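# Residue-level structure breakdown
Each chain, letter by letter, is given below.
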Amino acid sequence: MQDGALLYVRRHGNPTGQRLLLSHGCGLATDSYLPFWSLLLDRFDLFLFDQRSHGWNSPADIRNQNIPTFIRDCESVLRAIGSNFGEQPVIGVFHSISALVALLHEERWKGFSGMVLFDPPIQPPGGRPEDLVEVGEEMSAAARRRREHFRSRRQYASIVKRSPLYRHLPPGMPELIATTTLRPAQDGPGYELCCPREYEAQVYEYLFGWAMRVDLQRISCPVKVIGADPTEPYSLYANSRPQRPDQH
């Protein structure tokens, strides 16, 4: 990347198919989405990457853990793929923070021929800007309360299973999340978060300020948006803020 940080890009699937670029939500990793993107391997030429300080990537300078840097990273990734594998139209398939980054990137550089965005965290029609600011503050505070060290991946998977946010996960997914979002601890036994909690919290602090800057009129490529069920508890963006379990 422009500041020297290293991002790993992996290629899977059918090299003769339509090219897709995939990335993930804050605090997760693209390999956590294996049950989704594995269904695309026969038809599509898949390129996967993790946002800086996530997944395969080592933590970079926390001062650059922000949306403007993520936007520049997206451009660097697209340029590297084109220069190494030939220029072709690219459809972006992104979730949450990576969806926001792609929209802001598209306003400036026009690098995608189309996008499929899952729960992009942008201001909903009719929503109040202060609602999104409050969501960001709550999520940042929650990230700073996250536990960082675990005895084993099994211990972390058991925590995921108890979380109401993940109550609909199919069998095996908590273990996959533990495998893809933890790494061996650098300062002793056990495991730690690939994306340190302070890094995740810093992104959330400014995430929704940038979300409110998205100008959809400047997006020229086709975009398909897929959102969570607004009647479900913890369906975050449907009503602009987290719902309590008793809200429907």
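Here the structure is a predicted model, which means the values were calculated and not measured.

## Description of the side chain of arginine 52
Structurally, arginine 52 is set in the loop between β3 (44–49) and α2 (67–85). Among the residues examined, arginine 52 registers a relative accessible area of 1% and is labelled buried. A distance of 2.7 Å separates the side chain of arginine 52 from the side chain of aspartate 73, its partner in a polar contact. Apart from the residues within four sequence positions on either side, arginine 52 is in contact with Met1, Asp3, Ala5, Leu7, Asn57, Ala60, Asn64, Gln65, Thr69, Phe70 and Asp73.

## Let's talk about empty space enclosed by the protein
Applying the stated criterion across every chain yields a total of one cavity of 30 Å³ or more. Considering only enclosed or pocket space, the largest cavity measures out at about 40 Å³ in volume. As for the largest cavity, its lining consists of Gly27, Leu28, Gly55, Arg146, Thr181, Leu193, Cys194 and Cys195. The residue inventory of the lining of the largest cavity, partitioned by class, reads four nonpolar, three polar and one charged.

## Thoughts on the sheet that holds strand β5 (residues 114–118)
Strand order across the open sheet formed by six strands is β1-β3-β2-β4-β5-β9, with mixed pairing between neighbours. Both edges of this open sheet fall to β1 (9–13) and β9 (223–226), since each of them pairs with a single strand only. Neighbour-to-neighbour, the strand axes of the sheet open up by a mean angle of 20°, direction not taken into account. Pairing between strand β4 (residues 90–95) and β5: five bridges, direction parallel. If you follow glycine 92 over to β5, its bridge partner there is methionine 115. On top of the sheet, helix α3 (residues 97–109) reaches β2 (18–23), β4 and β5; it is set at about 140° to β4, its chief contact.

## Side note on the sheet that holds strand β7 (residues 182–184)
Judged by pairing direction, the sheet is antiparallel, and its three strands sit side by side in the order β6-β8-β7 without closing on themselves. Two strands bound the open sheet, and with one partner strand each, they are β6 (149–150) and β7. Relative to strand β8 (residues 191–193), β6 runs antiparallel, the two sharing two bridges. Bridge pairing in β8 links histidine 149 to glutamate 192. Set on the sheet, helix α5 (residues 153–162) makes contact with β6, β7 and β8; between it and β7 the angle comes to about 165°.

## Regarding the nonpolar core
Counting residues in each nonpolar core, the largest one holds 37 residues, and the members touching the most others are Leu21, Ile67, Phe94, Ile97, Phe112 and Met115. At the level of elements, β3, α2, β4, α3, β5, α4 (129–144) and α7 (197–211) are the ones that each hand at least two residues to this core. Look past the residues within four positions of isoleucine 97 in its chain and what remains in contact with it is His24, Gly25, Cys26, Ile67, Phe70, Pro121, Val203 and Leu207.

## Side note on the packing of α5 against helix α6 (residues 173–181)
In the contact formed by α5 and α6, the axes pass within 8 Å of each other and the chain directions differ by 125°. Classified by the angle their axes make, α5 and α6 are oblique. Pair α5 / α6 crosses with right-handed handedness. The residues of α6 that touch α5, namely those facing Arg153, Tyr156, Ala157, Val160 and Lys161, are Pro174, Glu175, Ile177, Ala178, Thr179 and Thr181.

## Overview of a nonpolar patch on the surface
Judged by side-chain polarity, Leu6, Tyr8 and Trp56 come together as a nonpolar surface patch covering roughly 350 Å² of accessible area. Following the sequence through the fold, leucine 6 ends up in the segment before β1. Accessibility expressed as a relative area gives 55% for leucine 6, which makes it exposed.

## Things to note about the confidence of the model for the chain
In the predicted model, the chain carries a mean pLDDT of 90, and 91% of its residues have values of at least 70. Scored below 50 in pLDDT, residues 237–248 makes 29 contacts in the model with residues more than four places away or belonging to other chains.

Analysis parameters
For every chain, the first residue of the written sequence is number 1, and numbering continues from 1 along that sequence. Where local features are concerned, this predicted model is filtered to residues with pLDDT of at least 70; where side-chain atom pairs are given and counted, the filter is 80 or more; whole-chain, interface and lining totals use all residues. Excluding hydrogens and water, the side-chain values take into account all heavy atoms of the structure. Strands are runs of DSSP state E lasting at least two residues, helices are runs of H or I lasting at least four, and both sets are numbered from the N terminus onward. Buried, partly exposed and exposed residues are distinguished by accessible area as a fraction of the type maximum, computed with a 1.4 Å probe on protein chains only: under 20%, between the cut-offs, and over 50%, respectively. N or O atoms closer than or at 3.5 Å make up a polar contact, with two conditions inside protein: a donor-capable atom paired with an acceptor-capable one, and, for residues adjacent in sequence, both atoms drawn from side chains. Working rule for contacts: check all heavy atoms of both residues, and any pair within 4.5 Å makes them a contact. Definitions used throughout: a 1 Å grid over protein atoms alone; a cavity as a set of points that fits a 1.4 Å probe which cannot get out; a pocket as an open set with protein on both sides within 12 Å along at least five of seven lines; a lining residue as one with an atom within 4 Å of a point. Grid points are joined across faces, edges and corners, and a volume is the space filled by probe spheres set on the points. Classification used: nonpolar for Ala, Val, Leu, Ile, Met, Phe, Trp, Tyr, Cys and Pro, charged for Asp, Glu, Lys and Arg, polar for all others including Gly. At least two bridges found by DSSP between two strands are what make those strands a pair. The angle between two axes is taken between their N-to-C directions and runs from 0 to 180 degrees, where each axis is a line fitted to C-alpha atoms and a helix contributes only its stretch in contact. Buried residues of nine kinds, namely Ala, Val, Leu, Ile, Met, Phe, Trp, Tyr and Cys, make up a nonpolar core once their side-chain atoms join them within 4.5 Å. Note on terminology: angles under 35 degrees are roughly parallel, angles over 145 are roughly antiparallel, angles of 65 to 115 are roughly perpendicular, and the others are oblique. For any helix crossing, the convention is left-handed if the near helix is rotated counterclockwise from the far helix by under a right angle, and right-handed if that rotation is clockwise. Each patch groups residues whose relative accessible area exceeds 30% and which form no salt bridge, using 9 Å between like charges and 5 Å between nonpolar side chains of Val, Leu, Ile, Met, Phe, Trp and Tyr. Only the protein chains shown count as cover for residues, and the accessible areas themselves come from Shrake-Rupley with a 1.4 Å probe. For this analysis, a salt bridge means a side-chain nitrogen from Lys or Arg found within 4 Å of a carboxyl oxygen belonging to Asp or Glu. Confidence of the predictor at the level of single residues is captured by pLDDT, which takes values from 0 to 100.

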